[in-house]
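Geometric and topological summary
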Amino acid sequence: MSCNNATNENLPPNVIKQLAKELKNLDEAPPEGIKVGVNDDNFSIIHADIDGPAGTPYENGVFRMKLILSNDFPQSPPKGYFLTKIFHPNIATNGEICVNALKKDWNPSLGLRHVLIVIRCLLIEPFPESALNEQAGKMLLDNYEEYARHARLYTGIHALKPKPKFKTGVISESTTTRNVEQTNSSLKIADQKNVVPGAASPLAPKLENGQDQPTVITSTTETGVGGSMTAPLTQKKEIGLAKAPADKKKMDARKKSLKRL
């Protein structure tokens, strides 16, 4: 028997049945800005993510909290705690929530939906007169702008950020495809330079964009297009090499003739 099951069994069967029904309703039709997480094995601890209400210092933040149900629930109210750090007059530094719905105004007929809505409303309208965080309460009464600045700072650092609405997979896929195409293009250029010896000498001057001088590129293009341009260049080289030994033989013959004289 697990601890979670033991905790669930400590709740009366009729309470478990009512909780299961209410949690299912919260999951299918959640209150605005509230998402409830359910653990079927342990109804005594209920987690919820609360969106920071628009127009408040908690806007654009998501705050995680939990409700802890006692064994005699619903005769006794649940205890509420913020798990996300928040700067708020009615929320202690340890996360404990001070709201009348969980204390003197508690009624066994109140459901979890009502409790969660009241807690979210607390982010819209704090009650500094019954502050658990005295610094936040005093600051709210004396200088709202300073209070709001502190609250926004806590929200930006600690509050969970909403998930992006766009699909990151599409961006990643297009970025990957573009990188592959660039890599393939680089490999093709490298292969062309390797195929034609001497076409891209390391001593050849470079342009500002890192490419070879046009003269080098032209020679590479001409020799790589086809036989029409390559053959005449090769023939000229061969004729030049043939002339050199012939001229040398003529000079040697003249020298021998002079020596005979």
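None of these values were measured; they are calculated from a predicted model.

Concerning the UniProt feature "active site" (unreviewed entry) in the chain
UniProt marks C98 with the feature "active site" (unreviewed entry), using the numbering shown here. Among the structural elements, C98 can be located in the loop between β4 (79-82) and α3 (112-124). A relative accessible area of 15% means that C98 is categorised as buried. Leave out the neighbours within four places in its chain, and C98 touches N90, K103, L122, S130 and L132.

What about the packing of helix α2 (residues 13-28) against α3?
Relative orientation of the contacting elements α2 and α3 amounts to 50°, with a least axis distance of 10 Å. Classified by the interaxial angle, the pair formed by α2 and α3 is oblique. Within the contact between the two elements, α2 uses L19, E22, L23, N25 and L26 and α3 uses L112, R113 and L116. Its residues assigned to classes, the contact of α2 with α3 comprises five nonpolar, one polar and two charged.

Section: the packing of aromatic side chains
Within the structure shown, the criterion is met by six aromatic pairs. On the numbers, 6.0 Å between centres and 40° between planes, the contact of F73 with W106 is tilted. One end of the pair, F73, is in the loop between β3 (62-68) and β4; the other, W106, is in the loop between β4 and α3, and 33 residues separate them in sequence. Of the residues examined, W106 reaches a relative accessible area of 12% and is grouped as buried.

The rules behind the values
Here, residues in each chain are numbered from 1, in the same order as that chain's written sequence. Reporting of local features is limited, given that this is a predicted model, to residues whose pLDDT is at least 70; pairs of side-chain atoms are given and counted only at 80 or more, and all residues count toward the totals for whole chains, interfaces and linings. Excluded from the side-chain calculation are hydrogens and water; included are all heavy atoms of the structure. UniProt positions are given in the numbering used here, feature names are shortened, and annotations may be inferred rather than shown by experiment. Helix and strand assignments follow DSSP, with helices taken as H or I runs no shorter than four residues and strands as E runs no shorter than two, numbered in order from the N terminus. Remark: exposure states derive from per-residue accessible area (1.4 Å probe, protein chains only) relative to the maximum for the residue type, with buried under 20%, exposed over 50%, and partly exposed in between. Whether two residues are in contact is decided by their heavy atoms, any of which lying within 4.5 Å being enough. Comment: axis = line fitted to C-alpha atoms, over the contacting stretch for helices; angle = value between 0 and 180 degrees taken between N-to-C directions. The scheme is simple: roughly parallel for angles under 35 degrees, roughly antiparallel for over 145, roughly perpendicular for 65 to 115, oblique for anything else. Think of it as three bins: nonpolar holds Ala, Val, Leu, Ile, Met, Phe, Trp, Tyr, Cys and Pro, charged holds Asp, Glu, Lys and Arg, and polar takes everything else, Gly as well. Only Phe, Tyr and Trp rings take part, Trp by its six-membered ring, and two of them pair if their centres are within 6.5 Å. Stacked means planes under 30 degrees apart, edge-to-face means over 60, and tilted covers everything else.

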